[in-house]
Amino acid sequence: MLHHVLTVEDPKGFRNFLLHNMTYSMGRSLNNSIILRSNLVSRQHATLLAVAHPSNGSYFFRLIDGNLNGDRSTNGILINGKKRFSHILSHGDEIIFSKDTKVVYQVISTISSARKNKNLKNNAFDNSNYLTNNQQSNQGLPAENLVKISSLQTILEADLPAHVRETINQFTTTPELNPQPILELNLVGRLLYLNPAALNKFPDLDEKGINHPLLQELLIQLVPLVNPVCNFFVREIEFEDKVFEEIIHFMPNEVIRLHISDITKQKNAEAVISYQIHHDLLTGLPNRKYLHDYLMETVKSSEDPQQRFAILFLDIDRFKLINDSLGHHIGDLLLKAVSDRLKNLIQSNDLLVRWGADEFAMVIKLVQSLDAVTQIAEAMIQSLNLPFVCDGNELHITTSIGASIYPDHNTEVEGLIHNADMAMYRAKEEGRNSFQFYIPNMQEQSFQRLVMENHLRRALENEELIAYYQPQVDLASGKIVGLEVLLRWKHVTLGSVSPSKFIPLAEETGLIIAIGNWVLRHTCLQAIAWQNMGLAPIQIGVNLSIKQLQQKNFLESLQQIIEETNFDPHYLELEITEGIMMDNMQEKIQMLNQFRKMGIQLSVDDFGTGFCNLSYLKNLPLDTLKIDRSFIEYITHKERDRAIVSYLISLSHSLNLKVIAEGVETREQADLLKSLGCDRIQGYFFHKALPADEIEALLRAQAVTQPNE
């Protein structure tokens, strides 16, 4: 059987609604079936209608903006980020009513043995919500015969829920006809009346009287609460694997009337729903909502406010690359394998959570020192560095971990989570496969990053980006035969911002697409300007971002730029990285072939630093291979680096590829590369990146090019 569930998150917290009626109104008015507790939503914001499936007898729900009279809400509704007037809901749909109110719709199946499953930690029968009955009456009883009694909830008559009011009013004058058990007793506990349903359902009730499980602790709970205003109460009793709801009416003649309902099936369903709402279906781990509730309870119930615990956030580095290249099936298998490996590294009283996507969180209790947390984090990193085998694929991953400590780094749950998350992203920025504690200035650094992003968004329109050009020198002739475009950013208040800071930020925010198009157009225009000055055409290399190639209209945009600037594409070289090869390989090869048909040259940049696979070299339509500076730096005194460079040069020449060595800074490096057969070099030994006017001067003096020593 399937259950339809709405999880509502509004300013007053989370609530779950099990949908079983045909129509629900939703809004801030108290007359709605589902009240949204926010002043930002409309009084009647939306309507939920059950629609029967024409063939299989099941049903689904349609959400309509406004009411059935055609009146729309003020804000409208966003479903999965898109504005809708009417929408048939699917499992996982997220509905936004306002900036502080959202709803998630889920369809979940029943587990028949839900209430007996020990893993259902979040059901309503958590011991913290229940009182055990009189200890003497429980002594010597088997565990399954113990009685669990909820605390007594007072209800004002005006606030009686509809189902409670219906139960009380139904057959009040003729309780003998009521199919639900009804009984009455006085304040000393003597039974005054049992209707036929009560006698049939509980045949030992008359004999046991006040000692029957249904009545245990009733007077002890009830008498202190009774007053002229409050005379309705509700509690739940569990015994013999059954759960009963007791609606208790303290009547004017000091008679206590109980209306009893068997709610076992409802509680089973609620237990299943609660489990699935609080757990990740893929890994079986608790989810972020469970973590939030767990931390709130941990902080609230802590006897020693100075007792430390740690929150660790863990993220799998470059997980998207695995998903995109090998498929989501392999990605899911990897996530399950990672969760299994992490489970073996935490103590029984600690908590492991899947936060979402490729992120996990851990709560480490009873932290004695920061060193202990560091050891745990390092053990996790080392464990996850070991290979995983997923459906025949051997996978190697790294991970970044951040931690915050209670109460050192914050005493609020949201602050602790936020700080651990910031520390994790700092670990990524520091090179991945590492661990970082939260430090107070991370908040300031995050703010500065946000400021930089805002400035970067205006950099193009304010003409703050400047193209520099680094010469590429032919080792045989010593002349400049090509240029690589390198971007610089000069801001009025930030000053000169390093490309290592703003290029990753542009990639992350998507600004790289607009910036990349600007660089292409500016490069073509500059090349035409040099030619108009009488300089010979020269090949210019422009770096391409993965995000640019992922744009469906990129080829069209490139053709438009070349046509509008009247630039000869034979003098344009597009530089790609190895990462591009891992994502939709065949699609990328087709696009690169189209570049070649246009006459554009292609090179692979920073070769050897990414997911290097030599088989890609024979499949890709390349002209040039650029050896990364990390192999050149120690080439003169590290035999292994020299051997790698020598092999790459020989391999490239056998594939008819030119070779450019990057980062050449000394004569010794240049002479050695020349002896190994390298074609071209670029680096500070000849020239650093220069602005356009200085490049013009160099090209005019081409015949006297000399190295800078």
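### Regarding the overall build of the chain
From N to C terminus, the chain includes 22 helices and 35 strands. The buried share among the 709 residues of the chain stands at 49%. By sequence separation, contacts in the chain at least 24 residues apart represent 59% of the contacts at least 6 residues apart. For the chain, the accessible area works out to roughly 35,800 Å², and carbon and sulfur atoms hold 50% of it.

### A closer look at the packing of helix 9 (residues 328-343) against helix 10 (residues 370-385)
Between helix 9 and helix 10, the least distance of the axes is 10 Å, while the angle of their chain directions is 135°. In terms of axis orientation, helix 9 runs oblique to helix 10. You can see that helix 9 and helix 10 cross each other, and the crossing is right-handed. Contact with helix 9, carried on its side by V338, R341 and L342, involves M380, S383 and L384 of helix 10 and no other residues of that element. For the contact of helix 9 with helix 10, a count of residues per class yields four nonpolar, one polar and one charged.

### Some remarks on the side chain of H278
Checked against the element boundaries, H278 lands in helix 6 (residues 264-278). Here D293 takes part through its side chain, which lies 3.5 Å from a polar atom of the side chain of H278.

### As for the sheet that holds strand 4 (residues 34-35)
Where strands meet in a sheet, backbone hydrogen bonds hold them as pairs that are either parallel or antiparallel. The strand order 4-3-5-6-9 describes an open sheet built from five strands, whose pairing is mixed. Because the sheet does not close on itself, it has two edges, and the strands there are strand 4 and strand 9 (86-88). With two bridges joining them, strand 3 (residues 23-27) and strand 4 adopt parallel strand pairing. Within strand 4, the position partnered with M26 by the bridge is I34.

### Observations regarding the nonpolar core
Buried together is how nonpolar side chains tend to be arranged in soluble globular proteins. One finds L456, L558, L574, F595, I627, L673 and I681 to be the most contacted residues of the largest nonpolar core, which totals 78 residues. Ranked by residues supplied to this core, first place goes to helix 14 (residues 512-532) with eight residues. Apart from residues no more than four positions distant in its own chain, L673 is found in contact with L475, I632, I635, V645, A661, V664, C678 and I681. Core analysis: the second largest hydrophobic core is formed by 32 residues, I346, M362, A377 and I401 among them.

### Structural notes on the sheet that holds strand 26 (residues 435-437)
Spatially, the five strands line up as an open sheet ordered 21-22-20-25-26, and their pairing is mixed. One side of each edge strand has no neighbouring strand; the edge strands of this open sheet are strand 21 (351-356) and strand 26. Strand-to-strand twist in this sheet, taken as the mean axis angle between neighbours without regard to direction, amounts to 20°. The sheet contact formed by strand 20 (residues 309-316) and strand 22 (residues 359-364) spans six bridges and is antiparallel. Bridge pairing links A310 to I364 in strand 22. Here helix 11 (residues 413-429) sits on the sheet in contact with strand 20, strand 21, strand 22, strand 25 (399-406) and strand 26, set at roughly 145° to strand 25.

### Here's the deal with the side chain of T399
Residue position: T399 is located in strand 25. A residue is classified by how much of its surface remains accessible, and T399, at 0% relative accessible area, is buried. Among the polar contacts listed, one links the side chain of T399 to the backbone oxygen of D315, at a separation of 2.9 Å. Leaving out residues up to four positions away in the same chain, T399 has contacts with L314, D315, I316, D317, I381, L384, R432, N433 and S434.

### Quick look at the packing of aromatic side chains
All told, the structure shown has eleven aromatic pairs when counted by the stated rule. Between the aromatic rings of Y59 and F61, the centroid separation amounts to 5.5 Å while the plane-to-plane angle is 75°, which identifies the pairing as edge-to-face. Judged by its relative accessible area of 33%, Y59 falls in the partly exposed class. Seen in terms of ring centroids, F239 and F244 are 5.5 Å apart; in terms of plane orientation they differ by 35°. Their pairing is tilted. An aromatic cluster is built from F202, F239 and F244, whose rings are joined through pairwise contacts. The ring centre of F388 lies 3.6 Å from the NZ or CZ of R341, which sits over that ring. Note that K638 overlies the ring of Y634, its terminal NZ or CZ placed 4.6 Å from the centroid.

### Looking at the pattern of salt bridges
All chains considered together, the criterion is met by 24 salt bridges. Of the charged contacts, one joins R15 and D10 as a salt bridge, the two residues approaching to 2.8 Å between their closest N and O atoms. For the residue pair R15 and D10, the accessibility class agrees, reading buried in each case. K208 is the salt-bridge partner of D204, the closest N and O atoms lying 3.4 Å from each other. With relative accessibility at 26%, the residue D204 sits in the partly exposed group. Each of E484, E575, K626 and E662 takes part in a single network of salt bridges with overlapping partners.

### Here we look at helix 11
Between its first and last C-alpha, helix 11 extends 25 Å over 17 residues, near the 24 Å set by a 1.5 Å rise per residue. In terms of burial, helix 11 is largely enclosed, as twelve of its 17 residues are buried. Within helix 11, the full set of buried residues consists of V413, G415, L416, I417, N419, A420, M422, A423, M424, R426, A427 and K428.

### Examining the environment of N344
With respect to the helices and strands, the residue N344 is situated in the loop between helix 9 and strand 21. In this structure the side chain of N344 is engaged in a polar contact, spanning 3.3 Å, whose partner is the backbone oxygen of D340.

### Side note on unusual backbone geometry
For the bond from Y406 to P407, the omega torsion is 0°, close enough to zero to count as cis. For P407, the location among the structural elements is in the loop between strand 25 and helix 11. In the Ramachandran plot, L366 falls in the positive-phi region, its phi being about 50° despite a non-glycine side chain. For L366, the location among the structural elements is in the loop between strand 22 and helix 10. The class of L366 is exposed, set by a relative accessible area of 51%.

### Focus: the confidence of the model for the chain
Confidence in the prediction of the chain, expressed as mean pLDDT, is 84, and 87% of residues score 70 or more. Note on residues 110-144: pLDDT is under 50 here. Beyond four places in sequence and across chains, it has 61 contacts.

### Digging into the pairing of strand 15 (residues 182-185)
Residues I182 and E184 of strand 15 are buried on one face, and the alternating residues L183 and L185, pointing to the opposite face, are buried as well. Two elements, strand 15 and strand 19 (residues 256-262), share four bridges in a ladder whose sense is antiparallel. Across the sheet, I182 pairs through a bridge with H259, a residue of strand 19. Here strand 15 pairs with strand 16 (residues 191-194) via three bridges, running antiparallel.

### Some details on helix 20 (residues 639-654)
Helix length check: helix 20, at 16 residues, gives a terminal C-alpha distance of 23 Å against a target of 22 Å (1.5 Å per residue), a fit within 8%. In the stretch just after helix 20, N656 is the one whose phi turns positive, near 60°.

### Thoughts on the environment of A536
Along the chain, A536 falls in the loop between helix 14 and strand 30 (539-543). A sequence separation of 163 residues divides A536 from L699, and the C-alpha atoms of the two residues are 8.6 Å apart.

Basis of the calculations
- Residues numbered from 1 in each chain as written.
- Predicted model: local features only at pLDDT ≥ 70, side-chain atom pairs only at ≥ 80, totals over all residues.
- Heavy atoms only, no water.
- Helix = DSSP H or I, 4+ residues; strand = E, 2+ residues; numbered from the N terminus.
- Buried < 20%, exposed > 50% of the residue type's maximum accessible area, 1.4 Å probe, protein only.
- Contact = heavy atoms within 4.5 Å.
- Areas by Shrake-Rupley, 256 points an atom, 1.4 Å probe, with all protein chains shown as cover.
- Axes fitted to C-alpha atoms, helices over the stretch in contact; angles between N-to-C directions.
- Parallel < 35°, antiparallel > 145°, perpendicular 65-115°, else oblique.
- Left-handed = near helix turned anticlockwise from the far one by under 90°.
- Nonpolar A, V, L, I, M, F, W, Y, C, P; charged D, E, K, R; others polar.
- Polar contact = N/O pair within 3.5 Å; in protein donor to acceptor, adjacent residues only side chain to side chain.
- Pairing = 2+ DSSP bridges.
- Core = buried A, V, L, I, M, F, W, Y, C linked by side-chain atoms within 4.5 Å.
- Phe/Tyr/Trp six-rings, centres within 6.5 Å; stacked < 30°, edge-to-face > 60°.
- Lys NZ or Arg CZ within 6 Å of the ring centre and 35° of its normal.
- Salt bridge = Lys/Arg side-chain N within 4 Å of Asp/Glu carboxyl O.
- Expected span 1.5 Å × (residues − 1).
- pLDDT = per-residue confidence, 0-100.

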